[in-house]
Amino acid sequence: MAEALSIDCDLSQLLDECDLRSLFRQYGSEMSDRIRLLQQASRTSNFSQTRRLSHQLKGSALQYGFKTLGSYAGSLERLAEQGAPFCELNLQTDTVINECLLVQKYISELLECNRS
Amino acid sequence: MNDRVLIVDDDPGMLRLLSGVLTKRYSIRTATSGEDAIEIHNKWCPDVVLLDLVMPGIDGFEVCRQIKADKKAASPQVIIVSVNSGAEDMHAAFAAGADDYFVKPVRACELLSRIQLHMRLREALISPHASSSLLSEDGSISNAETLKEVTATQDIAVFAMTKLAETRDNETGEHLFRLRDYSLRLSQELQTSPTLMSHITEEFLRDIYRASPLHDIGKVGIPDRILLNPGRLTASEFDVMKRHTIMGAGILEQAAHQSNAGSFLQMAIDVARWHHERWDGSGYPDGLSGEEIPLPARIVAVVDVYDALTSERPYKPSWESERAREYITERAGTQFDPEIANCFDRCFADIEAIQRKYTPVDAKRAPVVRPQLALVAAS
């Protein structure tokens, strides 16, 4: 389950509410592209691409406060680095993708909820 | 907004976030690949580069090397922002010429402060360079005003570099003041030593006062999990920690290369690299012994140990000053230069006075807390 949106306390001092909402909205909306690319790379055992995408996802997820997604993506990066068997790689890819969807849903509900 | 920051990251989410934080303070350009970063650097000449390491094509290490090797312009300060937290990556980044290293997730306020420090540091490093036209043919500074100006900019550089190390360490600012004053007082005492007095000129005293606080600058390259570890370090962690000497000297060599800062930076390089060497050759990083160890490093070795012993650490209480004095004198000729240990003993009353001057009444320091605040209530 996507955890509570908890980020650097100082980020909210440096950015206004509108900028923050916009940042998270864009992060949520580009998640579909990340999922698609990751799925493509993993299903074709493209290790270098899977590694690069999961590394990217790990960094941004941690920076945006989604620690679970960051951690799952980190595990996928390690498997891709090791050239793990197809099943193992894709199982972890599915875990990451599920968490991506949860994060996407979470952001969308949160922004919707705050608007109303 | 004249100060320029180039942000290099292949993740659009990271680029947006960092740009959002910096855009009201600096002029910003972004690049999503190493190739683009080098092209923008060549055309736009940024002051600071925030650089990711893992990217398609040319990676961050190579970008850093190429930027730092460009002799056409004074190179920008390069701050690595990477999710890789391993000592190997940090070491490789500093070896490639990086000036600082942040592990994602970065705290935005800390990043801003460090960028500001790097801007000041760069300005200070460039200024003496720019005023080199005022040097006379033999390289000496031609008038008093220029000397004053160059010294002032060097002091800004020292301050900025020292702050960089201090922001990562649990040491208090007082440690650096104490160390600086201990080093100066002990050096003055060496002026009475028949064997060492000839080395201690007025210039030496000025240089050690300014160079000694930089002894631990290399700690910027030590991972937090080791640097901020409240317990005793394991053997492998200690091996990583030892690298701060080499990294510190590397950082200062680069600063010396970029500026016209003269003798004090050379002294700072010697101190940073060799302040953990021992008189009997059992120290690190190079196992130098006796007078192979440069004199300023032998001086700082004594006062740094004294300050460590008399300061509280998470794993030990502070020692009484007399006990620490005995520790130093007992190790004269093994750990420490016997003549310097002897001088330390002779001026001990003044050392204690400096210690009292810079030790706050409430010597206990609150642990560093990194608060997290829920931005939006959890559903």
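Values in this document were obtained by computation on a predicted structure and should not be read as measured data. (Residues numbered from 1 in each chain as written. Chains lettered and ligands numbered in written order. Predicted model: local features only at pLDDT ≥ 70, side-chain atom pairs only at ≥ 80, totals over all residues. Heavy atoms only, no water.)

**Notes on the sheet that holds strand β2 (residues 27-31) of chain B**
Residue and element names in this part refer to chain B.
Part 1 of the argument: The strand order across the open sheet formed by five strands is β2-β1-β3-β4-β5, and the pairing between neighbours is parallel. Lying at the two open borders of the sheet, with one neighbouring strand each, are β2 and β5 (100-103). Across the sheet, the axes of successive neighbouring strands diverge by a mean angle of 20°, strand direction being ignored.
Part 2 of the argument: Pairing geometry for strand β1 (residues 4-8) and strand β3 (residues 48-51), over four bridges, is parallel. Counted as the bridge partner of L6 is V49 from β3.
Part 3 of the argument: Sheet strands touched by helix α1 (residues 12-22): β1, β2 and β3. Its angle to β1, the strand with the most contacts, is close to 165°. (Pairing = 2+ DSSP bridges. Helix = DSSP H or I, 4+ residues; strand = E, 2+ residues; numbered from the N terminus. Axes fitted to C-alpha atoms, helices over the stretch in contact; angles between N-to-C directions. Contact = heavy atoms within 4.5 Å.)

**Things to note about the side chain of B:Q355**
Part 1 of the argument: The topology assignment puts B:Q355 in helix α16 (residues 348-358).
Part 2 of the argument: The contact partners of B:Q355, leaving out residues within four places of it in the chain, are B:R178, B:Y182, B:Y306, B:T310 and B:S321.

**Structural notes on the pairing of β5(B)**
The side chains of a regular strand alternate, residue by residue, between the two faces of the sheet.
Residues and elements named next belong to chain B.
Part 1 of the argument: Sheet topology note: the strand β4 (residues 77-82)/β5 ladder contains four bridges and is parallel. The residue bridging S82 from the neighbouring strand is V103, located in β5.
Part 2 of the argument: The handedness of the β4 to β5 crossover, carried by helix α4 (residues 87-95), is right-handed. (Right-handed = clockwise from strand over helix to strand, strands pointing away.)

**Re the environment of B:T245**
Residues and elements named next belong to chain B.
Part 1 of the argument: With respect to the secondary-structure elements, T245 resides in helix α11 (residues 244-258).
Part 2 of the argument: With relative accessibility at 0%, the residue T245 sits in the buried group.
Part 3 of the argument: Measuring from C-alpha to C-alpha, the distance between T245 and H276 comes to 7.9 Å, with 31 residues separating the pair along the chain.
Part 4 of the argument: Ignoring anything within four residues of it in the chain, the contact list for T245 reads A272, R273, H275, H276, Y284 and P285. (Buried < 20%, exposed > 50% of the residue type's maximum accessible area, 1.4 Å probe, protein only.)

**So, the confidence of the model for chain B**
All names here are of chain B.
Part 1 of the argument: In the predicted model, chain B carries a mean pLDDT of 82, and the fraction of residues at 70 or more is 79%.
Part 2 of the argument: A low-confidence stretch, residues 129-141 stays under pLDDT 50, and its non-local contacts, those more than four residues away or across chains, total 14 contacts.
Part 3 of the argument: Below pLDDT 50 for its whole length, residues 363-379 participates in 30 contacts with residues either more than four positions away or in separate chains.
Part 4 of the argument: Interface confidence for the predicted complex, expressed as ipTM, amounts to 0.88; the pTM equals 0.67. (pLDDT = per-residue confidence, 0-100.)

**Re the packing of helix α4 (residues 47-63) of chain A against helix α5 (residues 67-82) of chain A**
What describes two packed helices is the angle between their axes and the distance between those same axes.
Residues and elements named next belong to chain A.
Part 1 of the argument: Relative to each other, α4 and α5 sit at 160°, their axes nearing to 8 Å. By the angle class used here, α4 and α5 are roughly antiparallel. Here α4 and α5 pass one another in a crossing that is left-handed. Here F47, T50, R51, S54, H55, L57, K58, A61 and L62 of α4 lie close against α5, whose contacting residues are K67, L69, G70, A73, G74, L76, E77, A80 and E81.
Part 2 of the argument: When grouped by side-chain class, the residues that make up the contact of α4 with α5 number eight nonpolar, five polar and five charged. (Parallel < 35°, antiparallel > 145°, perpendicular 65-115°, else oblique. Left-handed = near helix turned anticlockwise from the far one by under 90°. Nonpolar A, V, L, I, M, F, W, Y, C, P; charged D, E, K, R; others polar.)

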